[in-house]
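Coordinate inspection notes
As a plain string of letters, each chain reads:
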Amino acid sequence: QQGLISFPFSIRLPSWENNHAYAALNERHSCCDASQCLCPGGRERAEEEGPWQLLLCCSCAAEGTHRRCSNLKHSTASWECSSCAGLGTGKRQSTRVPLGWGQRVPRVGLAEP
């Protein structure tokens, strides 16, 4: 007959799981942080597209702006907050789509096929 070895273990969740301490990490930033929000629905209002579409900072995603509040064109694909763009540079914007999003990358020094 073989001896049984038992290991005590707890079926309780760790204390940090019980009080949802990390629940905020699963939430997306959802308000306009422009110094003057122009949206009639307020800072929390966001639409799928148009002037009240909320763009998040392409570097940190911790700040957002409505297109109209930061004077962004419909063709603007990304926006960077002033904290990430650097002091005194304002809000950097780009109409270029990041590499890998349907753009051909030129091959330097190689003949085109």
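The structure displayed is predicted, hence computed values, not measured ones.

Rules behind the numbers
Residues numbered from 1 in each chain as written. Predicted model: local features only at pLDDT ≥ 70, side-chain atom pairs only at ≥ 80, totals over all residues. Heavy atoms only, no water. Core = buried A, V, L, I, M, F, W, Y, C linked by side-chain atoms within 4.5 Å. Buried < 20%, exposed > 50% of the residue type's maximum accessible area, 1.4 Å probe, protein only. Contact = heavy atoms within 4.5 Å. Disulfide = S-S within 2.5 Å. Helix = DSSP H or I, 4+ residues; strand = E, 2+ residues; numbered from the N terminus. pLDDT = per-residue confidence, 0-100. Polar contact = N/O pair within 3.5 Å; in protein donor to acceptor, adjacent residues only side chain to side chain.

1. Observations regarding the nonpolar core
- Membership of the largest hydrophobic core is limited to seven residues, which are Cys32, Ala34, Cys39, Trp52, Leu54, Leu56 and Cys69.
- Among all residues touching Ala34, those that are not within four sequence positions of it are Arg43, Gly64, Thr65 and Cys69.
- Counting residues in hydrophobic clusters, the runner-up holds five residues, among them Leu55, Cys57, Leu72 and Trp79.

2. Considering the state of the cysteines
- What the rule picks out here adds up to zero disulfides.
- Here Cys31 stays unpaired: no disulfide links it, and the sulfur of Cys32, its closest cysteine neighbor, is 7.5 Å away.
- Accessibility expressed as a relative area gives 18% for Cys31, which makes it buried.
- Between Cys39, a free cysteine, and Cys37, which holds the nearest cysteine sulfur, the sulfur-to-sulfur gap is 5.4 Å.
- Judged by its relative accessible area of 8%, Cys39 falls in the buried class.

3. Focus: the environment of Ser30
- When you line up the elements, Ser30 lands in the loop between α1 (15-18) and β1 (54-56).
- We classify Ser30 as partly exposed; its relative accessible area is 40%.
- Residues Ser30 and Thr65, spaced 35 residues apart in sequence, show a C-alpha to C-alpha distance of 9.3 Å.
- The residues touching Ser30, leaving out its near neighbours within four places in the chain, are Arg43, Glu44 and Leu54.

4. Here we look at unusual backbone geometry
- Residue Ala61 is not a glycine yet carries a positive backbone phi of 60°.
- On the accessibility criterion, Ala61 (37% relative accessible area) is partly exposed.

5. Some thoughts on the confidence of the model for the chain
- Averaged over all residues, the pLDDT of the chain equals 77, while 63% of them reach at least 70.
- Per-element confidence in the chain is highest for strand β2 (residues 64-66), whose mean pLDDT is 96, and lowest for strand β4 (residues 92-94), whose mean pLDDT is 52.
- In the predicted structure, residues 99-113 sits below a pLDDT of 50 and forms five contacts with residues beyond four places in sequence or in another chain.

6. Focus: the environment of Arg67
- Within the secondary structure layout, Arg67 lies in the loop between β2 and β3 (78-80).
- Relative accessible area serves as the criterion here: at 6%, Arg67 is assigned to the buried category.
- Along the chain, Arg67 and Gln53 lie 14 residues apart, while their C-alpha atoms are 6.0 Å from each other.
- Contact partners of Arg67, with chain neighbours within four places excluded, come to Gly50, Pro51, Gln53, Leu55, Leu72, Lys73, His74 and Thr76.
- At 2.7 Å, the side chain of Arg67 forms a polar contact with the backbone oxygen of Lys73.

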